[in-house]
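The lines below spell out each chain.
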Amino acid sequence: MEAATPAIELRALARHFGERTALRDVSVSVPAGATLAVLGRNGAGKSTLLRILGTLLRPHLGEVSVLGEPLPRRGFAVRGKIGFLAHEPLLYSDLTGRENLRYHAGLHRVDSARVEEVLEAVGMGARAEEPVRLLSRGMVQRLAVARAVLHRPRLLLLDEPRANLDPTASRLVEPLIGRSSGLTRVITSHDPGSALDEADLVLGLKDGRAAFVGPAEQFRGDALEELYR
Amino acid sequence: MNTVLTILRKDLRLELRTFETIPSMVLFSLASFVIFHFALNRATIEGQLAAGVLTATLLFAAMLAVNRLFVAEREQGGFDAFLLAPVDRTALLLAKASALFIFLVVLEVVAVPAFALLLLGPSLGPALIGIVAVVALVDVALAVIGTLVSAIAIHTRARDLIGPVVALPLLIPALIACARALGPLLQTHASGSPPAKWLAILALYDVVFALLAYAVFDFLLED
Amino acid sequence: MTTYGRGLRGLSLATIATISTALVLVFFYAPLDADQGFVQKIFYLHVPLAIVSLCGFVFGALLAVGHLRTGDRRWDMRSYVAIHMALIFGVAGLITGSIWAKASWGHWWVWNEPTLVSFLIVLLLFATYQPMRFSIEDPERQARYASVFAVLAGAFVPLNFIAVRLAQQYVHPRILTLGGGNLPGSMRLTFIVALIGIALLYATLWKYEMAAKDARMRVRRLRRAVLGEDALAPLGRSAAPS
């Protein structure tokens, strides 16, 4: 039986910023539908990795393949299939939730019916006509999730997906960005506990290097300590 | 093209919602006219002097807009939002330059009549079409250079300073042409047609820098 | 990695030889100008400086194109050195031009000669290159933006000269018309030698600075390899790739 193409394939990935190396010799393979947790201290390279996967940064060395397409050469081919939940919500604070989503819908060629659909799905249908700067952080995060899944992506890149979400909101977004969505996911989190619960694979980064790559079950307490020392 | 319209609509909507840019440009221009009146100590001006005053005022008002052009993108994650979309990246250049062009036109609809009222001796009437043609061409130059410089400046530390300081020398050929073209049009008994030589220079400048902008803009966005 | 030091000694000797020859020619061979007298001789310094400076800016723009096309930051480093060297030569050209203007027409600055005015505008533009580039934190982005600027500014130079020339009646003596100039033979020879001398000086200084930057870069790389990634404090203002 032929093995399916992995959703993400990294081989000896490296990226530097001037003299500083952010990522060095990182390799991992993520099958379709699996969840990868990227763990590590601040500055370990998690955000850089996520941005490279999201085509926002170019890799400097090594090979990157996302959804079967090599980056950065074929970046434009995968852009529409990736949902990126960043540290910032990527919403204009003076526009309403609905206007923001319609803007993203225009960029991704998605119709307005879908906009209403995701607004309802995150429970923001009632507050969609208020400017984003007047909304609470939890609501802004919900809108950010709506924005990330608006164009029905096949791969989710989630930076702190549960940040600012109360339990109700967390439950609302679960079918969109959680395990039950069935989508391939890469999650980074400052709280390793919650990330590990959802993960199939773990990539532990320490000073830009892959200190641990493997199934989540094999990632035990001492490995966790090593990473955060 | 749809992408350009999507972005342009968003920018116009933001401007209508916040009124950050256009009112400042208008107020600045009006204040400039008052200052020029006192600085030059004249009741009315005409000809080349009037052309110079109008050109300088439009330029400095444009710099106000240039400083604001990409601020929302930078501070609210708009660059990422755009870069994540499966669209041609030069659409951002076209959309922003169009927005800046529209802001300038709105400004001029108010500022040029105000100029005629406050400072200009001869009436605008006969030469109006010529004036519109010249101002439209210089607006294209201001829009293209303004967008480029704003995109560069937004990533620097001293962004409000770098923008105008880089833009002004770059714009000098276009401003020379603008002022020289307007000079004959703002005289009493104006002929009504701007000197062709200066229109040609403006057009050449617009074409060269529009093409250059199209060629280099991608490099400003990528990372 | 290119060694910029190769051929540097030969180039330096050639530069010294040419400039010495030029000086001899200027003071002992070229005739005294009937109108302007002895001070006219600064022309042999001013015009070559101006020409080499403008060529330097165009050279910098071409190197910047190389950087944008290949993504290799060494091209940007070459472009940076070319431009800031050209700026120094340009300022020197402007000052000598001002001295010549004072001697010829009695004023330190004259507006009604387009070449000097265009030159001032070009220098105003390129003077913003360093402040702009060094106020960008991310080194990759800094290099890319600097290259974009260099390309735009390079394209600006001819447009600027055309516009300013059309706007002014010209008083600046047309030295270099297409017919080879209205210079008598002895002046032309002196001028050409001076021009070559200044051009060689530019090339030599460019190579020297590239060699120095290259060496420093390699030392830093070695130190980082031996002492560890974080052992070195980052350089302040530097166009070097690493």
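Quick note: structure is the one above.
One structure accompanies this document, and this report is about it. As the structure is a prediction and not an experimental result, all values here were calculated from the model.

Parameters at a glance
Residues numbered from 1 in each chain as written. Chains lettered and ligands numbered in written order. Predicted model: local features only at pLDDT ≥ 70, side-chain atom pairs only at ≥ 80, totals over all residues. Contact = placed C-beta atoms within 7 Å. Helix = DSSP H or I, 4+ residues; strand = E, 2+ residues; numbered from the N terminus. Nonpolar A, V, L, I, M, F, W, Y, C, P; charged D, E, K, R; others polar. Core = buried A, V, L, I, M, F, W, Y, C linked by C-beta atoms within 7 Å. Buried ≥ 20, exposed ≤ 12 C-beta atoms within 10 Å, placed from the backbone. Pairing = 2+ DSSP bridges. Axes fitted to C-alpha atoms, helices over the stretch in contact; angles between N-to-C directions.

A separate point is the interface of chain B and chain A. At the junction of the two partners, chain B supplies 20 residues and chain A supplies 23 residues. Ranked by the residues each element gives to the side of chain B that touches chain A, the list is headed by helix α1 (residues 2-18) of chain B, at seven residues. Per-class residue counts for the side of chain B that touches chain A are nine nonpolar, six polar and five charged.

Moving on, we come to the nonpolar core. All names here are of chain B. Ranked by size, the top nonpolar core spans 219 residues in total, and within it Ala141, Ile152 and Leu202 carry the most contacts. Sort the elements by how many residues they give to this core and helix α7 (residues 128-153) lands first, with 16 residues. Not counting residues up to four positions away in its chain, the partners in contact with Ala141 are Leu171, Ala174, Leu202, Tyr205, Asp206 and Phe209.

Residue and element names in this part refer to chain A. Extensive coverage of strand β3 (residues 35-40) is indicated by the burial of six of its six residues. Side chains Thr35, Ala37 and Leu39 of β3 all project onto a buried face; the interleaved residues Leu36, Val38 and Gly40 project onto the opposite face, where all are buried too. Relative to strand β8 (residues 184-188), β3 runs parallel, the two sharing four bridges. Following the sheet pairing, Leu36 is matched in β8 by Val186. In the sheet, β3 pairs with strand β9 (residues 201-206) via five bridges, with the strands oriented parallel.

Our next topic: the interface of chain C and chain B. Each partner contributes residues to the interface: chain C has 24 residues there, and chain B has 25 residues. Its residues assigned to classes, the side of chain C that touches chain B shows 19 nonpolar, three polar and two charged.

Let us look at the sheet that holds strand β7 (residues 155-159) of chain A. Residues and elements named next belong to chain A. Read from one edge to the other, the open sheet built from six strands follows the order β6-β7-β8-β3-β9-β10, with strand pairing classed as mixed. Only two strands of the sheet have a single partner each, and these edge strands are β6 (82-85) and β10 (209-215). The mean angle between the axes of side-by-side strands here comes to 15 degrees, regardless of whether they run parallel or antiparallel. Looking at chain direction, β6 and β7 are connected through four bridges and run parallel. Paired with Leu85 across the two strands is Leu158, which belongs to β7.

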